[in-house]
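Chain and residue survey
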Amino acid sequence: MKDRIVISPTSRQEGHAELVMEVDDEGIVTKGRYLSITPVRGLEKMVAGKNPETAPVLCQRICGVCPIPHTLASVEAVDHSLDIEVPKAGKLLREATLAAHSVNSAAIHHFLIAPDFVPEEDFTTAVKSVSAVRKNVQYVVDMLAGEGIHPSDIRIGGMARNITSATKDKLIDRLKAFKPDFEKHVELMKSFIAARELPEGLGVVDVPLLASSPSYGNLDEFDYDNFSEVLPEAWYDDPEIGKKACTTIPLINGKNVETGPRARMEKFNGFKDKGVVAQHVARAEEMLNNYNLTIDLLEQIDTSAPARADYDDRGTGKLGIGVIEGPRGTNVHMATVKDSKIQFYSAIVPTTWNIPTMGPATEGFHHEFGADVIRAYDPCLSCATHVMVVDDEDKSILKNDMVRI
């Protein structure tokens, strides 16, 4: 006899979600569905009809965990729509900002998983190590982008200003001085993850990868022509779940894809392991790559060069696409600018790519392991939220698409 286990809301992710598992008499999950139930905020609609500069300011507030990737995806989309060529110094500053932010975000994830992986006697040490990492890399983001939460200096056309040579030297010296402690942190977290001994195969999915670059993002690697979206009620076989879910499901060539640290590490660094443990290990190793990359990018910056291009904001109505490899995966913003106003805006965020892969990932295991699958993918649900129009009385779907309001 099948039993239904519902965890609602789930914990340790940004936003609200629900995990629905069908469990057999032996406690084995036969089907798992993970869905966002976060209320809509409608930021994509808010920017319509406004000046182009409004988009990154509002859309960085899609998420309080990933404001840097959303800001960067937004300016990249508008830059593309306006045919702006960002100066080299501006590109390097953007890339260094994202690399440092990605380290910070990975450290936050280490804090979130600490109750599950870190022994009680080592918990204080691990948390202090996380705090030290965050303090150093967030300082870099503050200095490059204006501030770490809502970066004011990432602008259409590049960056608001270049850094001084003194700031450049200070940041490089600080990162190099902290590097031994940082490397100890990465190894510490990897040792805790290895010692957890989760069941072999937990969280393994067999789907194509979506990763446009090992670090920043590459529009040429995003297959827009083969991109499509389906609705929850068309995807989930349970009508109740289909109506409750509040995210569209994007596909490439009609298929789910895996995005995020493990996908990037496999595609660009030869990482081959899969599953929950592999996702955590990949994130830790990518964290080290991004730390080293931050130093390298800072060293390349010519502090006397311009960091922002002049541009004409009138636009021609061309669809602009910004592709950024955020900590949780490929983040895509799209914008059309015409007559100096935003005519269209849409965001396809990392969580929407990964959510549908979590159902199969839970199958075949005792239901108590389901939460570990969720934490492997580090979902950020508020980013992904849209709504369907449903009749209040009979719950039938009145508007058969996801409405961005």
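In what follows, the accompanying structure is described. Every value quoted in this text rests on a predicted model; they were computed, and no experiment measured them.

1. Quick word on the packing of aromatic side chains
Counted under the stated rule, the structure contains four aromatic pairs. Look at Phe222 and Tyr224: their rings are 6.5 Å apart centre to centre, the planes differ by 45°, and that puts the pair in the tilted class. Among the aromatic residues, those joined into a ring-pair cluster are Phe222, Tyr224 and Phe227. Note that Arg174 overlies the ring of Tyr139, its terminal NZ or CZ placed 4.2 Å from the centroid. Across the ring face of Phe117, the terminal group of Arg196 is positioned such that the distance to the ring centre comes to 6.0 Å.

2. Quick word on unusual backbone geometry
Among all residues save glycine, negative phi is the norm, and among peptide bonds the norm is trans. The omega angle of the peptide bond from Ser8 to Pro9 is -5°, so this bond is cis rather than trans. With respect to the helices and strands, the residue Pro9 is situated in the loop between strand S1 (3-7) and strand S2 (17-23). The backbone of Ser340 shows a phi angle near 65°, a positive value even though the residue is not glycine. In this fold, Ser340 is placed in the loop between strand S11 (329-338) and strand S12 (341-348). By relative accessible area, which is 18% here, Ser340 ends up buried.

3. Some points on the side chain of Arg264
Position of Arg264 among the secondary structure elements: in helix H9 (residues 261-269). A distance of 2.5 Å separates polar atoms of two side chains, one belonging to Arg264 and the other to Glu286. Contact partners of Arg264, with chain neighbours within four places excluded, come to Ala211, Ser213, Pro214, Asn269, Glu286, Glu325, Gly326, Pro327 and Gly329.

4. Quick word on H9
All buried positions along H9 are accounted for by Pro261, Arg262, Ala263, Arg264, Met265 and Glu266. Summarising the contacts, the buried residues of H9 are in contact with strand S6 (209-210), strand S9 (258-259), helix H10 (276-300), strand S10 (316-326) and S11. Gly270 lies just past H9 and shows a positive phi near 75°.

5. Concerning the sheet that holds S1
On the basis of which strands lie adjacent, the open sheet formed by three strands has the order S1-S2-S3 and antiparallel pairing. Both outer strands of the open sheet, S1 and strand S3 (29-36), are each paired with one neighbouring strand and no more. With direction set aside, neighbouring strand axes in the sheet form an average angle of 15°. Pairing between S2 and S3: seven bridges, direction antiparallel. Bridging across to S3, Val23 finds its partner in Val29.

6. As for the pattern of salt bridges
Scanning all chains against the criterion turns up 20 salt bridges. Measuring nitrogen to oxygen at the nearest pair gives 2.6 Å for the salt bridge that ties Asp83 to Lys318. Residue Asp83 is found in the loop between helix H3 (67-81) and helix H4 (88-117), and its partner Lys318 is found in strand S10; the two are separated by 235 residues along the sequence. Judged by its relative accessible area of 28%, Lys318 is partly exposed. Here Lys91 ties to Glu85 by a salt bridge, and the two come within 2.8 Å at their closest N and O atoms. The exposure class of Glu85 is exposed, given its relative accessible area of 56%. Members of the salt-bridge network, linked through shared partners, are Glu22, Lys31, Arg33 and Asp237.

7. Looking at the sheet that holds S11
Read across the sheet, three strands follow the order S10-S11-S12 without closing on themselves; strand pairing throughout is antiparallel. The strands lining the two open edges of the sheet, one partner per strand, are S10 and S12. Ignoring strand direction, the axes of neighbouring strands in this sheet form an average angle of 15°. Here S10 pairs with S11 via nine bridges, running antiparallel. When the sheet's bridge partners are listed, Leu319 is paired in S11 with Thr336. Where H3 meets the sheet, its contacts fall on S10, S11 and S12, and the angle it forms with S10 comes to roughly 150°.

8. Some points on the pairing of S12
Taken together, the seven bridges between S11 and S12 define a ladder with antiparallel strand orientation. Bridged to His333 within S12 is Ala347. Here S11 hands over to S12 after two residues, with Asp339 in that stretch at a positive phi of 55°.

9. Quick look at the packing of helix H5 (residues 123-145) against helix H6 (residues 165-195)
As a packed pair, H5 and H6 sit with axes 9 Å apart at the nearest point and diverge in direction by 150°. With respect to each other, H5 and H6 are oriented roughly antiparallel. Handedness of the H5/H6 crossing: left-handed. Along the contact surface, H5 presents Thr125, Ala126, Ser129, Val130, Ala132, Val133, Lys135, Asn136, Tyr139, Val140, Met143 and Leu144, while H6 presents Thr167, Lys170, Leu171, Arg174, Leu175, Phe178, Phe182, His185, Leu188 and Phe192.

What counts and how
Residues numbered from 1 in each chain as written. Predicted model: local features only at pLDDT ≥ 70, side-chain atom pairs only at ≥ 80, totals over all residues. Heavy atoms only, no water. Phe/Tyr/Trp six-rings, centres within 6.5 Å; stacked < 30°, edge-to-face > 60°. Lys NZ or Arg CZ within 6 Å of the ring centre and 35° of its normal. Helix = DSSP H or I, 4+ residues; strand = E, 2+ residues; numbered from the N terminus. Buried < 20%, exposed > 50% of the residue type's maximum accessible area, 1.4 Å probe, protein only. Polar contact = N/O pair within 3.5 Å; in protein donor to acceptor, adjacent residues only side chain to side chain. Contact = heavy atoms within 4.5 Å. Pairing = 2+ DSSP bridges. Axes fitted to C-alpha atoms, helices over the stretch in contact; angles between N-to-C directions. Salt bridge = Lys/Arg side-chain N within 4 Å of Asp/Glu carboxyl O. Parallel < 35°, antiparallel > 145°, perpendicular 65-115°, else oblique. Left-handed = near helix turned anticlockwise from the far one by under 90°.

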